[in-house]
Amino acid sequence: MRILLVDDNALGRKLLRHILEDHGCEVMEAANGSEGLQMARNMAPSLIISDVFMPKMDGFQFLHEVKTDPVLQRVPFVFYSSVFTDRNDEEL
């Protein structure tokens, strides 16, 4: 499985990359949504995992761009974040 991991936190990307690669996944990395969108369009990932808050293009805008792109819209997209930790954050 080819996974695109998008996160501005290099340590977070490194940790998740190791976990995914240990399970046999091929992992591509991007540091923000703009970079991630370009990589997704060029490399056709099987899955996108993205942080929510990033510079240049945040995860919400990145998700919007992916889901409105005819080629990418069917790619599963997973948000993850260490910022939201309270039950009230589930609404967002």
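For the structure itself, consult the block above.
Residues numbered from 1 in each chain as written. Predicted model: local features only at pLDDT ≥ 70, side-chain atom pairs only at ≥ 80, totals over all residues. Heavy atoms only, no water.

*Asks:* Would you mind showing me how to read the packing of helix H2 (residues 33-43) against helix H3 (residues 59-67) here?
*Replies:* Helix-helix packing is described using two parameters, namely the angle between the two axes and the distance between the axes. Interaxial distance between H2 and H3 falls to 9 Å at its minimum, and their mutual angle equals 20°. Taken together, the axes of H2 and H3 are roughly parallel relative to one another. Crossing handedness for the pair H2 and H3: right-handed. Residues Gly-33, Gly-36, Leu-37 and Arg-41 of H2 form the contact with H3, whose participating residues are Phe-62, Glu-65 and Val-66. Tallied by class, the residues present in the contact of H2 with H3 amount to three nonpolar, two polar and two charged. (Axes fitted to C-alpha atoms, helices over the stretch in contact; angles between N-to-C directions. Helix = DSSP H or I, 4+ residues; strand = E, 2+ residues; numbered from the N terminus. Parallel < 35°, antiparallel > 145°, perpendicular 65-115°, else oblique. Left-handed = near helix turned anticlockwise from the far one by under 90°. Contact = heavy atoms within 4.5 Å. Nonpolar A, V, L, I, M, F, W, Y, C, P; charged D, E, K, R; others polar.)

*Asks:* Sorry, what's going on with the nonpolar core here?
*Replies:* The nonpolar side chains of soluble globular proteins are, as a tendency, buried together. One finds Leu-4, Val-6, Leu-37, Ile-48, Phe-62, Val-66 and Leu-72 to be the most contacted residues of the largest nonpolar core, which totals 15 residues. Contributing elements (two or more residues each) for this core: strand E1 (2-6), strand E2 (26-30), H2 and H3. Setting aside anything within four residues of it in sequence, one finds Val-66 in contact with Leu-37, Ile-48, Leu-72, Gln-73 and Phe-77. One finds Leu-5, Leu-20, Cys-25 and Val-27 within the second-largest nonpolar core, a separate group that totals eight residues. (Core = buried A, V, L, I, M, F, W, Y, C linked by side-chain atoms within 4.5 Å. Buried < 20%, exposed > 50% of the residue type's maximum accessible area, 1.4 Å probe, protein only.)

*Asks:* Would you mind going over the pairing of strand E3 (residues 47-50) with me for this structure?
*Replies:* Residues in a regular strand project their side chains so that they alternate between the two faces of the sheet. The side-chain alternation of E3 yields two buried faces, one formed by Leu-47 and Ile-49 and the other by Ile-48 and Ser-50. By the bridge criterion, four bridges tie E1 to E3 in an arrangement that is parallel. Opposite Leu-5, over in E3, you have Ile-49 as the bridge partner. Bridge count between E3 and strand E4 (residues 77-79): three bridges; the pairing is parallel. The partner of Ser-50 across the bridge, within E4, is Phe-79. In this view, the connection linking E3 to its parallel neighbour E4 by way of H3 has right-handed handedness. (Pairing = 2+ DSSP bridges. Right-handed = clockwise from strand over helix to strand, strands pointing away.)

*Asks:* What is the right way to read the pairing of E1 from this model?
*Replies:* With four of its five residues buried, E1 lies for the most part within the structure. As defined by bridge partners, E1 adjoins E2 across five bridges and the pair is classed as parallel. Bridging from a neighbouring strand, Leu-5 pairs with Glu-29 of E2. For the crossover that starts at E1, traverses helix H1 (residues 10-22) and ends in the parallel E2, the hand is right-handed.

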